[in-house]
Amino acid sequence: MMAALTFTISFLMLLQFFVAYSHSLIQEARGHQLSAQVCELSGVAADRVRGDHFKRLLELIAICPQPGNDTNRVLAVSIYFKLLGVCRALLGWVLPTAAFWFESERSGCAYLAAVVLDRRIAYNRILSEQKAENGY
Amino acid sequence: MLGPADYAILIAVSVAYLCCIVCLVLRRAFYQHFTIALYLSASLGIGVARYLIISTAGFNSNSYFYFYYFSDALLTICLFFVLMGFYSHVFSQMGAGNLVRIGAMLLLGGTALISYHMVSSSSDKLTTRFAYELSQNLYFVGVVLTYLLWGAMMKLHENRTRLMQLVLAMGVYLSAFAASYAMRNMYPGLAIWRYFLALIDIWLPITWACTFFKVPEDARMATARVLAPSPNP
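Keep in mind it's a predicted model, so treat the numbers as computed, not measured. (Residues numbered from 1 in each chain as written. Chains lettered and ligands numbered in written order. Predicted model: local features only at pLDDT ≥ 70, side-chain atom pairs only at ≥ 80, totals over all residues.)

Here's the deal with the overall build of chain A
Next, step 1: Along chain A, the regular secondary structure elements total 5 helices and 0 strands.
Next, step 2: Written out in order from the N terminus, the α and β elements of chain A read α-α-α-α-α.
Next, step 3: Expected size for 136 residues packed as a compact globule is a radius of gyration near 14 Å; at 18 Å, chain A overshoots this value by more than 25%.
Next, step 4: Along the three orthogonal principal directions, the C-alpha set of chain A runs to about 70 × 35 × 25 Å.
Next, step 5: Considering chain A as a whole, with its 136 residues, one finds that 36% of them fall into the buried category.
Next, step 6: Counting contacts in chain A only where the partners sit at least 6 residues apart, residues at least 24 apart contribute 78% of the total. (Helix = DSSP H or I, 4+ residues; strand = E, 2+ residues; numbered from the N terminus. Rg over C-alpha atoms; globule rule 2.2 N^0.38 Å. Buried ≥ 20, exposed ≤ 12 C-beta atoms within 10 Å, placed from the backbone. Contact = placed C-beta atoms within 7 Å.)

So, unusual backbone geometry
Residue and element names in this part refer to chain B.
Next, step 1: Unlike most non-glycine residues, arginine 28 shows phi in positive territory, near 55°.
Next, step 2: The exposed category is assigned to arginine 28, around which 10 C-beta atoms lie within 10 Å.
Next, step 3: The phi dihedral of histidine 157 is positive, around 55°, even though this residue is not glycine.
Next, step 4: Here histidine 157 is to be found in the loop between helix 5 (127-155) and helix 6 (161-186).

Details of the confidence of the model for chain A
Any segment with low pLDDT has predicted coordinates that should not be analysed in fine detail.
Next, step 1: When the pLDDT values of chain A are averaged, the result is 85; 96% of them are 70 or greater.
Next, step 2: By mean pLDDT, the top-scoring element of chain A is helix 1 (residues 2-30) of chain A (89), and the lowest-scoring one is helix 2 (residues 36-42) of chain A (83). (pLDDT = per-residue confidence, 0-100.)

Concerning the interface of chain B and chain A
Interfaces are frequently sized by the accessible area removed from exposure as the parts join.
Next, step 1: The interface of chain B with chain A comprises 31 residues on the first partner and 29 residues on the second.
Next, step 2: Elements supplying a minimum of two residues to the side of chain B that touches chain A: helix 5, helix 6, helix 7 (193-214) and helix 8 (223-227) of chain B.
Next, step 3: With 15 residues, the top contributor of residues to the side of chain B that touches chain A is helix 6 of chain B.
Next, step 4: Here the residues of the side of chain B that touches chain A sort into 22 nonpolar, 8 polar and 1 charged. (Nonpolar A, V, L, I, M, F, W, Y, C, P; charged D, E, K, R; others polar.)

A look at the nonpolar core
Next, step 1: Residues Leu112, Ala113 and Ala114 of chain A are the most contacted members of the largest nonpolar core, which totals 88 residues.
Next, step 2: At 16 residues, helix 6 of chain B tops the list of elements feeding residues into this core. (Core = buried A, V, L, I, M, F, W, Y, C linked by C-beta atoms within 7 Å.)

Describing the environment of cysteine 210 of chain B
Next, step 1: Note on placement: cysteine 210 of chain B falls in helix 7.
Next, step 2: Distance in space between the C-alpha atoms of cysteine 210 of chain B and glutamine 165 of chain B is 9.7 Å, their sequence separation being 45 residues.

Some thoughts on the packing of helix 1 of chain A against helix 4 (residues 71-91) of chain A
Residues and elements named next belong to chain A.
Next, step 1: Running from N to C, helix 1 and helix 4 point in directions that differ by 120°, and their axes come no closer than 10 Å. The orientation of helix 1 relative to helix 4 falls into the category oblique. In the packing of helix 1 onto helix 4, the handedness of the crossing is left-handed. Across the interface between the two elements, Tyr21, Ser22 and Leu25 of helix 1 pack against Arg73, Ala76, Val77 and Tyr80 of helix 4.
Next, step 2: In terms of residue class, the contact of helix 1 with helix 4 is made up of 5 nonpolar, 1 polar and 1 charged. (Axes fitted to C-alpha atoms, helices over the stretch in contact; angles between N-to-C directions. Parallel < 35°, antiparallel > 145°, perpendicular 65-115°, else oblique. Left-handed = near helix turned anticlockwise from the far one by under 90°.)

Shown next as structure tokens:
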């Protein structure tokens, strides 16, 4: 009984902390303006990134070499994105008004993915320029 | 005996702790977040000691069994100090640092006493049982304290991005561990615990390393936006 209560409380707090952590990552990414190159490459508009773009952005991230340890952030937001998908499927038809909120959250996840891709492209561009300068 | 998966997890966890210490040093935050450095160093040291005991005495030996639970209790106490460090960071401008330290010591002592009472009333009275009980209770107390800290940060409109992310990552870690310990009490025989707890262990050093590496000390973010993010810019 005590273990079940502890589990329930801890699990609810885990969800809350995880959502807040994901929000903080998304909010931090919002401060970054997307470049024209990443918009053209991924087919998203800088001012309107939708949740549907998330999968494609992840595929592009996967083929772009990483500059540092941002994989963890992408992974955390991917889990959050999947969690939102499950909640939308379960609650979307019960609470139609919640659908807008879910989509807004999913678009936030996609925006973060776009920012990560943007940073990776910028990093790789600098790297290739340096290589060209050094004659490689 | 340990399998390839055990070795992979052991190495990954140790590397993650090492990376986090390096990030802390590179970002010149070692003294500012001394309790974090202490916890990371202790984790790394204990990780190496655990490996040495496994390689000499074996995974199923009594030595490893005792060492595992006592080192886990020690790490949980270190984590408790990290949490108190966060409290003193948040309440530093209010000059309530000493009050927080006294409260933390009282809470730690109280949790140890309650854990001892729970073990002394049981029939076996094993010291490892006390270490296990203490870890489990401290994790849960840690979750509640982190939740209170997060509440206080929202009330005080705390806007330091780095501090926010450090606290939230720790909240995820502590609540995942507390939930796992509770689940393990209900279903102790599951083989999944051997890998699951080790995998959770990697969360904290990686997220902290990311935070120290990516988020500058002077970065600011409105707390309200973390609670309800704004739509696309």
